[in-house]
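Examination of the molecular architecture
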Amino acid sequence: MTLIKRFLADKSGATAIEYGLIAAGISVAIIAVVNSLGTSLKNTFSNVSSQLGK
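A brief structural summary.

Rules behind the numbers
Residues numbered from 1 in each chain as written. Predicted model: local features only at pLDDT ≥ 70, side-chain atom pairs only at ≥ 80, totals over all residues. Heavy atoms only, no water. Helix = DSSP H or I, 4+ residues; strand = E, 2+ residues; numbered from the N terminus. Areas by Shrake-Rupley, 256 points an atom, 1.4 Å probe, with all protein chains shown as cover. Buried < 20%, exposed > 50% of the residue type's maximum accessible area, 1.4 Å probe, protein only. Patch = residues over 30% accessible without salt bridge, like charges linked within 9 Å, V, L, I, M, F, W, Y side chains within 5 Å. Salt bridge = Lys/Arg side-chain N within 4 Å of Asp/Glu carboxyl O.

The next thing to look at is the overall build of the protein chain. Each helix and strand in the protein chain was counted, giving two helices and zero strands. The dimensions of the protein chain, computed from C-alpha atoms along their principal axes, are 80 × 10 × 5 Å. By element, 70% of the accessible surface of the protein chain is carried by carbon and sulfur atoms, the whole surface being about 5000 Å².

See below:
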């Protein structure tokens with residue numbers, strides 16, 4: 001019975017899951033920003049390239 005009470009009171013697994021979810025959220029945000037910047041940089045370099053080709 002004591003073992004069950006100790007298991008139910010243990011919060012270390014929940015903390016690990018919370019940190020995992022935070023890390024996943026930060027990763028998704030970074031991927032979105034990099035993807036957006038990549039498209040913007042591609043357009044910028046294409047404009048520079050076309051201006052130099054004239």
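This part takes up the environment of Lys5. Inspection of the secondary structure puts Lys5 in helix H1 (residues 2-9). Residue Lys5 is classed as exposed on the basis of its relative accessible area, which comes to 58%. The sequence separation of Lys5 and Leu52 amounts to 47 residues, and the corresponding C-alpha distance is 73 Å.

It is worth spelling out a nonpolar patch on the surface at this point. A contiguous nonpolar surface patch, about 540 Å² in accessible area, is contributed by Tyr19, Ile22, Ile26, Ile30 and Val34. Looking at where Ile26 falls in the secondary structure, it is placed in helix H2 (residues 12-52).

Keep in mind that these numbers describe shape and distance, not what the molecule does.
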